[in-house]
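Tertiary structure, described
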Amino acid sequence: MAENKKIAKELTQKLFDHLGIKESFEVTEDEDSINIVVSSVDPGLIIGHHGDTLDSLQLVLSLMLAKKLGEFRRVSLEVGDYKKNRSDYLKSLAAQTKERVVSEQQEVYLPNLKSWERREVHMNLADDPQVISESVGEGKERTLVVKPR
């Protein structure tokens, strides 16, 4: 485990150096993923429009790490509490959507969510006895649907 963390730290530093990102970061590892928390005076630069730059950096780091380790490990890149705040919003969105589905007894579509955001909503509703959630469509058109059980 410590070796994966060391490799992740080296690869992150290499990528940041190559991109001219001079921010400090911490790497931790748990059973599910490798977590990289970046300390930045200008988090918006790394986060990008709607988190697009952050998602891209995270994907590149995941691919670099998978190539080096010979196995896929989920990488979570956090800057300025962006994902934590977004996660809190998604928890609230899941609850509001559930209430709407239950009261109207019809499915509700939640378009324009990134894959990790859909996953968060799915996980928030996974054990709910009143609603089910599923993703439909392909690629950028993939949409989350919440339906009454």
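So, a few notes on the structure that sits alongside this text. Just so you know, these numbers come straight off a predicted model, no measurement behind them.

Considering unusual backbone geometry
Most of the time, phi is negative for any residue but glycine, and the peptide bond is trans. The phi dihedral of D81 falls on the positive side, at around 60 degrees, and the residue is not glycine. Inspection of the secondary structure puts D81 in the loop between β3 (74-79) and α4 (82-104). The partly exposed category is assigned to D81, whose relative accessible area is 43%. A positive phi angle, near 55 degrees, is found at Q105, a position not held by glycine. The topology assignment puts Q105 in the loop between α4 and β4 (108-110). Residue classification places Q105 among the exposed residues on the basis of a relative accessible area of 53%.

So, the environment of S40
Tracing the chain through its elements places S40 in the loop between β2 (33-39) and α2 (43-47). A relative accessible area of 22% means that S40 is categorised as partly exposed. Counting along the chain gives 16 residues from S40 to S24, while the straight-line C-alpha distance between them is 7.3 Å. If near-sequence neighbours (up to four positions away) are discounted, S40 is found in contact with E23, I46 and V79. Reaching out from S40, the side chain makes a polar contact with the side chain of E23 at a distance of 3.3 Å. Within the structure, S40 has its side chain in polar contact with the backbone nitrogen of D42 (distance 3.1 Å).

Comments concerning the sheet that holds strand β1 (residues 24-29)
With mixed pairing, the three strands of this open sheet are ordered in space as β1-β2-β3. Here the strands that pair on one side only, and so sit at the sheet edges, are β1 and β3. Here the strands of the sheet are splayed against their neighbours by 20 degrees on average, with no regard to which way each runs. Relative to β2, β1 runs antiparallel, the two being bridged by six bridges. Across the sheet, the residue bridging to S24 is S39, located in β2. Sitting on the sheet, helix α1 (residues 2-19) is in contact with β1 and β2, with an inclination near 155 degrees to β1.

So, how was this worked out
- Residues numbered from 1 in each chain as written.
- Predicted model: local features only at pLDDT ≥ 70, side-chain atom pairs only at ≥ 80, totals over all residues.
- Heavy atoms only, no water.
- Helix = DSSP H or I, 4+ residues; strand = E, 2+ residues; numbered from the N terminus.
- Buried < 20%, exposed > 50% of the residue type's maximum accessible area, 1.4 Å probe, protein only.
- Contact = heavy atoms within 4.5 Å.
- Polar contact = N/O pair within 3.5 Å; in protein donor to acceptor, adjacent residues only side chain to side chain.
- Pairing = 2+ DSSP bridges.
- Axes fitted to C-alpha atoms, helices over the stretch in contact; angles between N-to-C directions.

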